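Observations on the three-dimensional arrangement
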Amino acid sequence: MSSPRLATRLQGIAPTIFSEMSALAVRTGSVNLGQGFPDEDGPPAVIAEAVRALEHGANQYAPGPGVPALRHAVARHQQRHYGIEVDPDRQVVVTTGCTEAVASALLGLVDPGDEVVVLEPYYDSYVAMIQMAGGVRRPVTLRAPDFRLDVDELRAAVTPRTRFVLLNTPHNPTGTVLTRTELQAVADLAVEHDLVVITDEVYEHLTYDVEHVPIATLPGMAERTLTLSSAGKSYSFTGWKVGWATGPAELVAAVLAAKQWLTFTSGSPLQPAVAVALDEEPDFPARLCASLRERRDLLLDGLHAAGLAAYVPQGTYFATASVRELGWADGMAFCRALPERAGVVAIPSQVFYDDQADGAGGRDLVRFAFCKARGVLDEGVARLGKADLSA
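The sections below set out a description of the structure shown in this document. Every chain is numbered on its own, with residues counted from 1 as its sequence reads. Restriction of local features to residues with pLDDT of at least 70 applies here, the model being predicted, together with a cutoff of 80 or more for giving and counting side-chain atom pairs; totals for whole chains, interfaces and linings are based on all residues. Each side-chain value is worked out from all heavy atoms of the structure, with water and hydrogens disregarded.

Focus: the overall build of the chain
The cut-off we apply is this: Helix numbering and strand numbering both begin at the N terminus, where a helix is a DSSP run of H or I of at least 4 residues and a strand a DSSP run of E of at least 2. In this scheme, a residue with accessible area under 20% of its type's maximum is buried, one over 50% is exposed, and one in between is partly exposed, where area comes from a 1.4 Å probe on protein chains only. We call two residues in contact whenever any of their non-hydrogen atoms come within 4.5 Å of each other. Exposure was quantified through the Shrake-Rupley algorithm and a 1.4 Å probe, taking into account, for residues, occlusion by the shown protein chains and nothing else. The sign given to each residue is positive for Lys and Arg and negative for Asp and Glu; His and the chain ends receive no count. To locate a charge, take atom NZ for lysine, CZ for arginine, CG for aspartate or CD for glutamate.
In terms of regular secondary structure, the chain is built from twelve helices and 13 strands. On the principal axes, the C-alpha backbone points of the chain span a range of 60 × 55 × 55 Å. Taken over 391 residues, the chain has a buried fraction of 59%. If you take every contact in the chain between residues at least 6 apart in sequence, the share linking residues at least 24 apart comes to 74%. Summing over all exposed atoms, the chain offers an accessible surface of approximately 15,900 Å²; the carbon and sulfur share of this is 52%. Once the 33 positive and 47 negative side-chain charges of the chain are each reduced to a mean point, those two points are 4 Å apart.

Written out as structure tokens, the structure is:
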């Protein structure tokens with residue numbers, strides 16, 4: 001028998017950078033400011049509800065679309081925060097985190113050859129899943145130092161083969177939160193060209209001094225927008241992997257059509273606990289956000305003191321910095337040297353861009369996570385300040 005080979009649909013997709021850098025942190029004993037997971041758990045009452053569910057029989061398959069209590073809680077969340085009305089039985093589906101929601105949306109909607117406009121730099125699962133679906137990505141780049149949406153570039157990215165726009169706001173890795181004006185430009189284009197917008201809003205409650213506007217709330221967009229989110233970031237339960245998709249029934253049905261052949265269902269005792277989080281702990285994300293803002297500012301001060309040109313994020317867990325002022329042209333080389341130089345791990349942003357040639361894309365950019373405990377951040381910043389980081 002000939003040796004098996006990697007399927008064509010997966011060729012050219014590198015292993016996720018997060019696994020590599022987190023393993024590097026463990027191997028070197030470094031402070032992990034790379035992967036975006038918090039050091040502290042979410043509300044104790046929500047954990048208690050998960051324990052209660054475990055102890056009282058919620059240990060078998062949940063319904064494929066999700067536990068009714070959670071689907072109803074998601075519908076109430078959308079109405080309470082944004083005035084969006086969705087039918088919990090037809091317009092909400094529960095997924096294994098937002099990662100599966102992205103995968104199911106793209107596999108359920110994108111046909112081979114369909115073009116997908118996507119903001120670059122992009123979370124790495126977008127690249128993988130567009131390719132697996134046979135789609136063609138059409139990047140629109142958010143460029144330093146302000147990482148704003150260029151409307152002319154957005155319009156130029158749309159061709160007769162374009163069918164979808166994949167948004168991410170608040171945006172990972174840059175921390176940009178798209179303004180109402182920027183979103184209106186996307187909406188105008190979607191209506192003009194009859195495009196479906198798939199929007200990843202996992203950081204919806206983690207913004208600093210700016211408003212998060214769901215594009216589904218703009219005129220003409222409710223009927224063409226599929227909104228994805230999760231409890232992982234807003235409630236500090238990233239390991240629970242409980243997410244959801246909401247929107248028009250036919251778009252949600254497409255997500256479910258693909259999801260049923262992926263996980264089918266998951267997290268039976270965790271889904272009712274997330275329902276409790278949404279319904280009974282609605283103020284937790286705001287408290288978390290206030291704490292994250294303080295930690296963001298601590299990290300930014302430390303990065304500036306260490307000689308990096310750090311940009312102020314409007315949302316998310318992450319701050320981006322350029323290493324050029326330290327003499328580095330390549331963020332990947334910087335990140336691989338950083339554990340030995342300073343005992344800190346970060347993520348090279350270039351892996352989130354198509355063009356990684358010298359001087360292109362985000363080759364000189366590095367992403368740091370500030371969702372860590374205050375003591376961890378203090379240690380990381382202290383190590384950066386003591387180290388020689390010059391090339």
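Some points on unusual backbone geometry
Going from A144 to P145, the amide bond is cis rather than trans, its omega being 10 degrees. Of the consecutive residues T169 and P170, the connecting peptide bond is found in the cis state with omega at -5 degrees. Locating P170 in the fold gives a position in the loop between β5 (162-168) and α7 (180-193). Unusually for a residue other than glycine, D194 sits at a positive phi of about 55 degrees.

Observations concerning helix α12 (residues 374-386)
Selection rule: How far a helix is expected to stretch is found by multiplying one less than its residue total by 1.5 Å. Throughout, the arc means that of the directions going from the helix axis to the C-beta atoms.
Over its 13 residues, α12 runs 18 Å from end to end, which matches the ideal 18 Å to within 8%, given 1.5 Å per residue. Taken together, the buried positions of α12 are occupied by L377, G380, V381 and L384. For α12, the arc enclosing every buried residue in end-on projection is 95 degrees, short of the 170-degree limit, so these residues lie on one face. In this fold, the buried residues of α12 make contact with β1 (31-32), α10 (284-305), α11 (331-342), β11 (344-345) and β13 (365-369).

Comments concerning the environment of V381
Checked against the element boundaries, V381 lands in helix α12. When the C-alpha atoms of V381 and A310 are compared, they prove to be 13 Å apart, with 71 residues separating the residues in sequence. Every residue in contact with V381, bar those within four places of it in the chain, is listed here: L298, L299 and G302.

Observations concerning the nonpolar core
Rules: To qualify as a nonpolar core, a set must consist of buried Ala, Val, Leu, Ile, Met, Phe, Trp, Tyr and Cys residues joined through side-chain atoms within 4.5 Å. As used throughout, domain bounds are those supplied by an automatic or database domain assignment.
Within the largest apolar cluster, 127 residues are counted, with the highest numbers of intra-cluster contacts made by L308, F334, F368 and L389. Counting residues per element, this core draws most heavily on α10, at eight residues. Each of domain 1 (8-41 + 282-385) and domain 2 (44-281) accounts for three or more of the residues forming this core.

Quick look at the side chain of S22
This is how it is decided: We define a polar contact as two N or O atoms separated by no more than 3.5 Å, with the added condition that, inside protein, one atom must be a possible hydrogen donor and the other a possible acceptor, whereas residues neighbouring each other in sequence contribute only through side-chain atom pairs.
Locating S22 in the fold gives a position in helix α1 (residues 17-28). Reaching out from S22, the side chain makes a polar contact with the side chain of Q35 at a distance of 2.7 Å. Other than its neighbours up to four places away in sequence, S22 contacts N32 and Q35.

Re the sheet that holds strand β9 (residues 309-310)
Quick note on the threshold: Strand pairing is defined by DSSP finding a minimum of two bridges between the two strands.
Strand order across the open sheet formed by four strands is β9-β10-β13-β12, with antiparallel pairing between neighbours. The open sheet is flanked by β9 and β12 (347-348), the only strands paired with a single partner. Both β12 and β13 contribute to a ladder of two bridges, which runs antiparallel. Note on β13: the bridge partner recorded for I347 is R367.

Some details on the pattern of salt bridges
Where we set the bar: When a carboxyl oxygen of Asp or Glu is within 4 Å of a side-chain nitrogen of Lys or Arg, the pair counts as a salt bridge.
Scanning the entire structure with this criterion turns up 19 salt bridges. Note that R324 is salt-bridged to D364, the shortest N-O span being 3.5 Å. Note that R324 is positioned in the loop between β10 (318-322) and α11 and D364 in the loop between β12 and β13, a separation of 40 residues in sequence. Residue classification places D364 among the buried positions, given a relative accessible area of 12%. For the salt bridge of E379 with R383, the shortest nitrogen-to-oxygen distance reads 2.7 Å. Of this pair, E379 and R383 are both found in helix α12, four residues apart, which corresponds to roughly one turn of the helix. By relative accessible area, which is 37% here, E379 ends up partly exposed. The exposure class of R383 is partly exposed, given its relative accessible area of 25%.

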